[in-house]
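Chain and residue survey
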Amino acid sequence: MKNNAFRGLIVGLACVGIAAAALVGCGTTDSAGTAAYTPGTYTAVGQGNFGDVEVSVTFSATKIVSITVGEHGETPGLSDPALEGIPAAIVKGQTLAVDTVSGATHSSEAVLSAVADCVKQAGGDVEALKAKKGAKAAKGARIEKSADVVIVGGGGAGLAAAVSAAQSGAKVVLIEKAAALGGNTIRSGGVQNAVDPARQKAVKMTAPLIGDLKSILDAKEADFGEFAPVVATLKGQIRDYLASGSDVLFDSVELHMYHSYIGGKRVDLKGQEIHGELALVRTLAEGSPKAIEWLESLGLKFNDGIGTVLGALWPRTHSNTKPVGTGYVTVLSETAAKLGVEIMLETKAEELLVEKGRVVGVKATKADGAPVVLRASKGVVMATGGFGANPEMRAKYNTYWPSMPLSMPTTNTADATGDGIVMGEKAGAKLVGMGFIQLMPSSHPVSGALSGGLWGSAETQVFVNKQGKRFVNEYAERDVLASAALKQTDGIFYIICDQDSAGNPQPGSKNGWGDDVDTLIRNHDVYKADTLAGLEEQLGMPAGSLQAEIAKYNGYIASGTDPDFGKRNFGAPLVKPPFYATIRSPSVHHTMGGLAIDASARVLDASGKAIPGFYAAGEVTGGIHAGNRLGGNAIADIMVFGRIAGASAASSK
Ligand code: ADP
């Protein structure tokens, strides 16, 4: 089934007001200067992210009268600005010279090319329409507003801050530079790590996980610096747990902190060591279960099943009932609207207003060029996300990866350009951990996107290279996986699944991103075969290689040990046909460094003092994830610290 969310969405003639004078101004023209279409409705398809986007265009003899977007597989929420905005702009300007919407480029291009096809079918002049500029919007008038709290950025952190500040009684204005809310949050897998005794009760303990716990008992506390007391408490918890004989999964705030610490402790190419800051990591681990309860109270429904997203290190990853990150953005933006938060889209913050050392507002610009001045009596929350989509800034700061070409693709929205870090630094903020950038090991090799494949929880995943050989412990941290993947031929690998670990797809099924699985197979994003031999042949691997590797791996599952790469947590053996292979390669995913904050989300200056009136949350900040963020900890971060930042700003004097 295709997504019919936009079936029937019709963008009508916007030139009505000038219809009498519009024979030339509102239509393409023939050589005599009059518009020239064969009236009627024409249909065509354009290639979106996930297959065909169907578009119907109705023409009069002189005008593009209306455009209807029909069936498509694009992600709801993410593609809205393109599927609604592009048709509106075409009809309004009677032009095909319409800019694509940032963050929804492929959806935009799909609409533009389908409309061009319809113009051709109607006998219109496509090239003339592409050359014809629509009426240039006049620069808007200067806007000045005052609020208690001004929030910059409408991804997960900004929206959580907006709701929380409004719940604390503040008058809130949120500005977002894109045409839609969501940022990287809406594009993420949308999963959240949280200690959750109720849901985790359904997960059984396994021998390898017990082995992991026992290895913590052997760890020397002195090796953990300021985290030593956390490890001491954790050891006590583990001893009690082992003595209890329980067969239910063990977890605790301290174990989540321990994983965040060891997952984030890294040394860069210059020999500089970094690890998560104790107070921030504790706030994250303690706050995430509460953030889930908060989101539930706002209407987001979490699934009961607990898994391990890639690089999470332990089964504590929660998903919700909505596709990818859309659930967080929908629930929070609807709540913000109910609470009276004013949201200004296409409004780009340029500079913080600082008076006598206090941040008192933001200078911004609307897409039409109108200057905006927003004054904040209590505080400004910076929530502009990271700089994964800013190759020059990546190159400037990267001290972790020996090579990070400017051309390396990213999972990020094009708006993740590090604006808040630049503005914050200018206002006196200290930056921390800027050299550490996360590569998402399993991304689409061309687009860099997270979506477009089939796989299950991390323990069930099997990575093989072009030679059909495993090359890494698939349950390891993301930097370990990405580094290993980059060393394989062409930096390419395949995630191998059987019917069960692929999530039992059927004809017409969609994966967790809402991608149509049949389309993925048609486009060779995913390969499918009834036997491993067939898969091997399709992938051009040496005969017998994949078959032998999976047989060996299934043996490791049976014995519970992986002598090749030390994987300790496994799914079921891969035996149920058909088999699937998803082609993947690393791309830039998360920038761990950013503005220094304390546990109240106050932005700190070089001397560690809070800058009055200045708060920050989410990927724009540094200090929590240090050298490598755990999979599933980003959503935990933005919900926990977004919420804290909003409340802190609202209660500021
Ligand atoms: P986080 O996960 O930290 O919330 P996201 O990437 O989800 O980060 O959201 C950050 C949001 O901030 C994006 O929607 C992005 O478009 C927006 N943004 C980035 N720079 C600016 C800016 N200069 N002014 C306003 N919004 C911005």
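The structure under discussion appears in the preceding block.
The structure contained in this document is the topic of the report that follows. (Residues numbered from 1 in each chain as written. Predicted model: local features only at pLDDT ≥ 70, side-chain atom pairs only at ≥ 80, totals over all residues. Heavy atoms only, no water.)

Topic: the packing of helix 11 (residues 278–298) against helix 19 (residues 633–650)
Close contact between helix 11 and helix 19 brings their axes to 8 Å; oriented N to C, the two are set at 85°. One finds that helix 11 runs roughly perpendicular with respect to helix 19. Contacts between helix 11 and helix 19 pair Leu 280, Thr 283, Leu 284, Gly 287, Ser 288, Lys 290, Ala 291, Trp 294 and Leu 295 from the former with Asn 633, Ala 636, Asp 637, Met 639, Val 640, Phe 641, Arg 643 and Ile 644 from the latter. Among the residues forming the contact of helix 11 with helix 19, the class breakdown is ten nonpolar, four polar and three charged. (Axes fitted to C-alpha atoms, helices over the stretch in contact; angles between N-to-C directions. Helix = DSSP H or I, 4+ residues; strand = E, 2+ residues; numbered from the N terminus. Parallel < 35°, antiparallel > 145°, perpendicular 65-115°, else oblique. Contact = heavy atoms within 4.5 Å. Nonpolar A, V, L, I, M, F, W, Y, C, P; charged D, E, K, R; others polar.)

Digging into helix 8 (residues 207–217)
For an α-helix, the turn length of 3.6 residues means that residues three or four places apart are oriented alike. For helix 8, every residue scored as buried is listed here: Pro 208, Leu 209, Asp 212, Leu 213 and Ile 216. Down the axis of helix 8, the smallest arc covering the buried residues is 150°, so these residues share one side. Residues of helix 8 that are buried sit in contact with helix 9 (228–244) and helix 10 (253–264). (Buried < 20%, exposed > 50% of the residue type's maximum accessible area, 1.4 Å probe, protein only. Arc of directions from axis to C-beta.)

A closer look at empty space enclosed by the protein
Going through the model one piece at a time under the given rule, you end up with one cavity of 30 Å³ or more. Ser 260, Leu 284, Ile 624, His 625, Asn 628, Arg 629, Leu 630 and Asn 633 together form the lining of the largest cavity. In terms of residue class, the lining of the largest cavity is built from three nonpolar, four polar and one charged. (1 Å grid on protein atoms, 1.4 Å probe; cavity = no way out; pocket = protein on both sides within 12 Å on 5 of 7 lines; lining within 4 Å. Points joined across faces, edges and corners; volume = space filled by probe spheres on them.)

With respect to the site of the ligand
If you check the shell around the ligand, you find 25 residues, and the closest are Ala 157, Glu 176, Thr 185, Asp 419 and Glu 619. Here Gly 156 contributes a backbone N or O atom positioned 3.2 Å from an oxygen atom of the ligand. At a separation of 2.8 Å, a nitrogen atom of the ligand approaches a polar side-chain atom of Asp 419. In isolation the ligand exposes 580 Å². Once the protein is present, 97% of that is buried. Listing elements by their share of the shell around the ligand, those giving two or more residues are helix 5 (156–167), helix 6 (183–187), strand 13 (347–355) and helix 14 (419–426). Here the shell around the ligand is built from residues that sort into seven nonpolar, twelve polar and six charged. (Near = heavy atom within 4 Å. Polar contact = N/O pair within 3.5 Å; in protein donor to acceptor, adjacent residues only side chain to side chain. Areas by Shrake-Rupley, 256 points an atom, 1.4 Å probe, with all protein chains shown as cover.)

Digging into the sheet that holds strand 11 (residues 317–320)
If you trace the three strands from one edge of the open sheet to the other, you get 7-11-10, paired in antiparallel fashion. Whereas interior strands pair on both sides, the edge strands pair on one side only; in this sheet they are strand 7 (192–193) and strand 10 (302–307). (Pairing = 2+ DSSP bridges.)

Quick look at helix 14
For helix 14, the complete set of buried residues consists of Asp 419, Gly 420, Ile 421, Met 423 and Gly 424. Count one or two residues on from helix 14 and you reach Gly 428, which has phi positive near 105°.

Overview of the pairing of strand 5 (residues 143–152)
Looking at chain direction, strand 5 and strand 15 (residues 371–382) are connected through nine bridges and run parallel. Each residue of the ladder has a partner; that of Ile 143, found in strand 15, is Val 372. One crossover worth recording links strand 5 to the parallel strand 6 (residues 172–175) by way of helix 5, and it is right-handed. (Right-handed = clockwise from strand over helix to strand, strands pointing away.)

Focus: the pattern of salt bridges
All told, the structure shown has 24 salt bridges when counted by the stated rule. The shortest N-O distance in the salt bridge between Glu 144 and Arg 142 comes to 2.9 Å. The class of Glu 144 is exposed, set by a relative accessible area of 54%. In this structure Arg 142 comes out as exposed when scored by relative accessible area, which is 53%. (Salt bridge = Lys/Arg side-chain N within 4 Å of Asp/Glu carboxyl O.)

Observations regarding the packing of aromatic side chains
What the rule picks out here adds up to 15 aromatic pairs. With 5.5 Å between their ring centres and 40° between their planes, Phe 224 and Tyr 261 make a pair best called tilted. Of this pair, Phe 224 sits in the loop between helix 8 and helix 9 while Tyr 261 sits in helix 10; the two residues are 37 residues apart in sequence, bridging distant segments of the chain. Look at Phe 224 and you get buried, because its relative accessible area is 9%. (Phe/Tyr/Trp six-rings, centres within 6.5 Å; stacked < 30°, edge-to-face > 60°.)

Side note on the side chain of Asn 633
Relative to the helices and strands, Asn 633 is located in helix 19. Reaching out from Asn 633, the side chain makes a polar contact with the side chain of Asn 193 at a distance of 3.0 Å. With residues up to four places along the chain from it excluded, the contact list for Asn 633 reads Asn 193, His 256, Ser 260, Leu 284 and His 625.

Quick look at unusual backbone geometry
In most cases, non-glycine residues show a negative phi, while peptide bonds are predominantly trans. Cis geometry marks the peptide bond from Pro 577 to Pro 578; its omega dihedral reads -5°. Among the secondary structure elements, Pro 578 is positioned in the loop between helix 18 (545–559) and strand 21 (579–591). Located in the positive-phi region is Gln 94, a residue other than glycine, with phi close to 50°. Following the sequence through the fold, Gln 94 ends up in the loop between helix 2 (80–93) and helix 3 (105–121).

Considering the packing of helix 5 against helix 19
At their nearest, the axes of helix 5 and helix 19 sit 7 Å apart, and the two run at 40° to each other. Here helix 5 lies oblique to helix 19, going by the angle between them. Seen along the crossing, helix 5 lies across helix 19 with a hand that is right-handed. Residue-level inspection shows Gly 156, Ala 157, Ala 160, Ala 161, Ser 164 and Ala 165 of helix 5 in contact with helix 19, the latter providing Ile 638, Met 639, Gly 642, Arg 643, Gly 646, Ala 647 and Ala 650. Across the contact of helix 5 with helix 19, the residue classes break down as eight nonpolar, four polar and one charged. (Left-handed = near helix turned anticlockwise from the far one by under 90°.)

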